[in-house]
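Residues per chain, in single letters:
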Amino acid sequence: MYKKTVNLIIYVAICFLLFTLIDYHLKIINFPYQISYREMVELYRTKLISDGLNIYQLDSYPRSHSIYGFVFNYLVLGICNLFDLQISLFAQRIIVGVFIICSSLIVMSIIYIKIKSLILSILGFLLMYATSMNGDMVGAYPNAAGVFFFLTSIYIPFRNNYNNQSLFFSLFFSILSFFTKFIGLSKFNNLNLDAKCTLK
């Protein structure tokens, strides 16, 4: 009886947290103005590509200057054309939201595979989702897509016992991640180097 009560309380708390996060996320998606300067840069770059222009030509600078790669812009353009959406902050934030949820599902799946606990895997999903609800991830720019590609490059070999085919797909998604948000990968490398220096 005690265990059932505790589990019920945990599930109610999980549902409350999930609905709170979804509500907050929807408010960000529907917010009519930019939440950072970088959002408009990525929107402008996507519109340049839509018009058949080169985002790296000098005529487009400095307005089209971005610290990110080009994959996200082509991805947004393709999805908008596929679903007949207008290229806008709203459309880009929806696409970013899908990447955030997919990344959270990958984390949830890894936790469940390792420890076979539904509650802990759901908590892992919520933790990933909650930490993504900040300006750097939830805005209309490539961060969430880069993280998703990076996690996918780890997840595929993990699920397939690191066979050759899974390593090929891992390499493919690693390249996608690099050309989506290479800044993030360089930070991972810096953390790795710092860890090695600390251990020494």
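Report follows, based on the coordinates.

Conventions used here
- Residues numbered from 1 in each chain as written.
- Predicted model: local features only at pLDDT ≥ 70, side-chain atom pairs only at ≥ 80, totals over all residues.
- Heavy atoms only, no water.
- Helix = DSSP H or I, 4+ residues; strand = E, 2+ residues; numbered from the N terminus.
- Expected span 1.5 Å × (residues − 1).
- Buried < 20%, exposed > 50% of the residue type's maximum accessible area, 1.4 Å probe, protein only.
- Core = buried A, V, L, I, M, F, W, Y, C linked by side-chain atoms within 4.5 Å.
- Contact = heavy atoms within 4.5 Å.
- Phe/Tyr/Trp six-rings, centres within 6.5 Å; stacked < 30°, edge-to-face > 60°.

1. So, helix H1 (residues 2-30)
Since one α-helical turn is 3.6 residues long, residues separated by three or four positions face the same way. With 29 residues, H1 ought to run about 42 Å at 1.5 Å a step, and its terminal C-alpha atoms sit 42 Å apart, in line with that. If you check which residues of H1 are buried, you get Ile14, Leu21, His25, Ile28 and Ile29.

2. Concerning the nonpolar core
Nonpolar side chains in soluble globular proteins tend to end up buried together. Ranked by internal contacts, the top residues of the largest apolar core, which has 40 residues, are Phe99, Ile100, Leu126, Tyr129, Met133, Ala144 and Phe149. Those elements giving two or more residues to this core turn out to be H1, helix H2 (37-50), helix H3 (71-82), helix H4 (89-115), helix H5 (118-131), helix H6 (135-138) and helix H7 (143-159). It is H4 that contributes the most residues to this core, eight residues altogether. Sequence-distant contacts of Leu126, that is, excluding residues within four places in its chain, are made with Ile14, Leu17, Leu18 and Leu21.

3. Description of the packing of aromatic side chains
In total, this model carries twelve aromatic pairs according to the counting rule given. Ring centres of Tyr68 and Tyr141 lie 6.4 Å apart, and the angle between their planes is 10°; this geometry places the pair in the stacked category. With Tyr68 in the loop between H2 and H3 and Tyr141 in the loop between H6 and H7, this residue pair connects regions lying 73 residues apart in the sequence. With respect to class, Tyr68 is no different from Tyr141; both count as buried. Taking 5.4 Å as the distance between ring centres and 50° as the angle between the ring planes, the aromatic pair formed by Phe99 and Phe148 counts as tilted. Residue Phe99 is found in helix H4, and its partner Phe148 is found in helix H7; the two are separated by 49 residues along the sequence. By relative accessible area, Phe148 is classed as buried at 16%. Cluster of aromatic residues (ring-pair linked, three or more members): Phe99, Phe148, Phe149, Phe172 and Phe173.

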